[in-house]
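# Residue-level structure breakdown
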Amino acid sequence: MKKSSMKASALMMAAAMMVSAALTGCGGSGSAATTAAADTTAAADGAVTADVQKIIDAGVLKVGTKVDVPKFGMQNTATGEMEGVEVDLAYEIAGKIFGCTAEEAKAKKLVAFQGVTAKTRGPLIDNGEVDMVIATYTITPERKETWNFSDPYYTDAVGLLVLKDSGIKSIEDLDGKVIAVSQGSTTKKVMMEYIAEKGFNVTPEFEEFDGYPSMAAALSAKNVDVFSVDRAILAGYNDDSTEILPDRFAEQDYGVATKLDNKGLADLVNGVVNDLKSSGKMDEMLKGWGIE
Amino acid sequence: MIKDLLDVKRWEAFFKVLPTEYIPGFVVTLKVALAGLLLALALGVIFGMLSTTKIKICRFIARVYVEFFQNTPLVVQVFFYYACLPYVIGGRVPKFVLGVIGVGIYHGAYISEVIRTGIEAVPKGQFEAAYSQGFNYLQTMWYIILPQTMKMILPPLTNQALNLVKNTSVLAMIAGMDLMYHADSWGSDRGYFVQAYLPCALLYFLICFPLARLARYLEIRAKRTPVPKKPKGVA
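A few points on the structure. Here the structure is a predicted model, which means the values were calculated and not measured.

### Considerations on the overall build of chain B
The secondary structure content of chain B amounts to 9 helices and 0 strands. Going from the N terminus to the C terminus, chain B shows its helices and strands as α-α-α-α-α-α-α-α-α. Against the 2.2 N^0.38 benchmark of 18 Å for 235 residues, chain B shows a C-alpha radius of gyration of 22 Å, more extended than a compact globule. In terms of its C-alpha atoms, chain B occupies a principal-axis envelope of roughly 70 × 60 × 30 Å.

The structure is reproduced here in structure tokens:
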């Protein structure tokens, strides 16, 4: 009892130190913060854990993001640059690790982005191909057993995309319909829960696909009736022939995932996320990309 | 990797989904493989015989079939059926049918080549002898040539059958509800990839290995020199 409470208080202290360091360090984009950044970052603290030191030594932070989700993680086809709120978040974390601002991290190209899908993001963390994944990754209790997740930086909900001429108007029309969901995503589970909770008398069938383009193709060939993923992702596939149903359910939190063994890195990331949230910067970043 | 492999908790999770995910997937794979194999053998025999006839147009048709399906990837073919057939026939094609025509037509082309070379390896004198005895073309094929062909082509034919079983896993990419689909689905859901793929591989092995043994047995049996039956009542 005594031991555990001591442990807890030590943890809290560490967290408090982290937050204060982050606040003075890379939290704001103001000039005052920039000058302070150099001496109060993780790199300068002397309290760098081995896993973080490894990234500093490598000189580049390897981050897995989506490349096909507008406003979150999207590759600009004209410039080849990665864009989106999750990309900005990656630069904030890189700033914290390397002891600079997010802008400097971006200018110095301290982040190496790698495109991931719902399917590949887990294995890529485990085999060390990326240091962390910021890719509309929903936090679940099961996943927390396999990877570290930061506190949520955004809460999304699942949406349903249908063809306009399908006659489907709401989730209650989905009895016997085939729903395309992404492999390695939580969509199927949360939709079943939502249907059970609301007592709808519908039993849809689910088919899992590896990657959103193949799901979109399946929808347009009418091999499936519904294309269902998080609304943020769905927005990128909505066009003249399709519509997103008003149903909004199963709110889910996105977190930054790191390898389970890399506890030091996970703490650092969590510090950055919490700092961005408490300072209001996270909301600004989301608003900046037009995300509600 | 080794740590993950020996993780008891992960194996417990696997055995929980074994009856609900893996077994139904295994049954689908088995059905697709069996039906696909029958289709492939039928197509193989038909086109293999066509490519050994003297009629030019038949040989041409067989060539086109073989060359086209042998020289394009199976994945492309199956994706094509999946994405384009609905536009052509105006409705959804069941995944089982997609799988059967996918591997059936693809391996039919290979088997057709196996059978063609088998037929060509039978000495010409056998045909002439059969015709001189009054056999027509089909009778010659059925009674004289194909039985001899079978002995020679068993090993390459087995290769094709085994590849066909393994290639049914292409269905996983179009949500075919087969073994690979369920393994992949569960694996990427939980992140327990060792536990997802290793048993999946074993289950494919469970289909292929007995098939390979059977073929080997048949091959050995076929190679035995035929011994004439002893007529009854002779001392």
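### Some remarks on the sheet that holds strand S2 (residues 68-69) of chain A
The 3 strands are arranged S2-S3-S4 (chain A) in an open sheet whose pairing can be described as antiparallel. Both outer strands of the open sheet, S2 and strand S4 (82-83) of chain A, are each paired with one neighbouring strand and no more.

### Considerations on the packing of aromatic side chains
Residue and element names in this part refer to chain B. Here the structure, examined in full by the defined rule, presents 25 aromatic pairs over all chains. Seen from their ring centres, Phe-47 and Tyr-65 are 4.2 Å apart, and the 25 degrees between their planes marks the pair as stacked. Of the two residues, Phe-47 is situated in helix H2 (residues 8-50) and Tyr-65 in helix H3 (residues 56-70); the sequence distance between them amounts to 18 residues. The burial state of Phe-47 is the same as that of Tyr-65; both residues are buried. Taken together, the ring pairs in this structure connect Trp-11, Phe-14, Phe-15, Tyr-22, Trp-186 and Tyr-192 into an aromatic cluster.

### Regarding the interface of chain B and chain A
In this complex, chain B contributes 23 residues to the contact, which on the side of chain A involves 22 residues. Counting the surface lost from both chain B and chain A, the interface buries some 1800 Å², and carbon and sulfur atoms represent 42% of this. The tally of links between chain B and chain A comes to 5 salt bridges. Here A:Glu207 ties to B:Lys95 by a salt bridge, and the two come within 2.8 Å at their closest N and O atoms. Applying the counting criterion to the chain B and chain A interface returns 13 residue pairs in polar contact (both at pLDDT 80 or more). Residue assignment for the side of chain B that touches chain A shows that the elements contributing at least two residues are H2, helix H4 (74-89), helix H8 (179-190) and helix H9 (193-223) of chain B.

### Concerning the sheet that holds strand S6 (residues 132-133) of chain A
All names here are of chain A. Read from one edge to the other, the open sheet built from 5 strands follows the order S5-S1-S6-S14-S7, with strand pairing classed as mixed. Each edge of the open sheet is held by one strand with a lone partner, namely strand S5 (111-115) and strand S7 (147-149). Of the pairings in the sheet, the one linking strand S1 (residues 61-65) to S6 comprises 2 bridges and is parallel in character. Bridge pairing in S6 links Gly-64 to Val-133. Here helix H12 (residues 263-278) sits on the sheet and contacts S6, S7 and strand S14 (257-259); the angle it forms with S14, its principal contact strand, is near 160 degrees.

### Quick notes on the environment of B:Ala109
Residue and element names in this part refer to chain B. Mapping Ala-109 onto the fold places it in helix H5 (residues 95-121). Take Ala-109: its relative accessible area is 0%, and that puts it in the buried class. Remark: the alpha-carbon pair of Ala-109 and Thr-168, spanning 59 residues in sequence, is separated by 16 Å. Once residues lying within four places of it in the same chain are set aside, the contact partners of Ala-109 are Tyr-65, Val-66, Phe-69 and Gln-70.

What counts as what
- The residue numbering used here restarts from 1 in each chain and proceeds along that chain's sequence as written.
- Note on labels: chains are lettered from A, ligands numbered from 1, in written order.
- Local features in this predicted model are restricted to residues of pLDDT 70 or higher, and side-chain atom pairs are both shown and tallied only at a pLDDT of 80 or more, whereas totals for entire chains, interfaces and linings draw on every residue.
- To get the side-chain values, all heavy atoms of the structure are used, and hydrogens and water are removed first.
- In this description a helix means any DSSP run of H or I spanning at least four residues, a strand means any run of E spanning at least two, and both kinds are numbered starting from the N terminus.
- Throughout, the radius of gyration refers to the C-alpha atoms, and the reference size of a globule is 2.2 Å times the residue count to the power 0.38.
- Here the rule is simple: two strands pair whenever DSSP picks up at least two bridges between them.
- Between rings of Phe, Tyr and Trp, where Trp is taken as its six-membered ring, a pair exists when centres lie within 6.5 Å; planes separated by under 30 degrees are stacked, by over 60 edge-to-face, and by other angles tilted.
- Accessibility here uses a 1.4 Å probe with only protein chains present; expressed as a share of the type maximum, an area under 20% marks a residue as buried, one over 50% as exposed, and anything in between as partly exposed.
- Contacts are assigned to residue pairs that have any heavy atoms within 4.5 Å of one another.
- Two parts placed together each lose some accessible area; with a 1.4 Å probe, that loss summed over both constitutes the buried area.
- Note on definitions: salt bridges are taken to be side-chain nitrogens of Lys or Arg within 4 Å of carboxyl oxygens of Asp or Glu.
- Two N or O atoms form a polar contact when they lie within 3.5 Å of each other; inside protein one atom must be a possible hydrogen donor and the other a possible acceptor, and for residues adjacent in sequence the pair counts only when both atoms belong to side chains.
- Orientation is described by lines fitted to C-alpha atoms, with helices fitted over the stretch in contact, and by angles between N-to-C directions that extend from 0 to 180 degrees.

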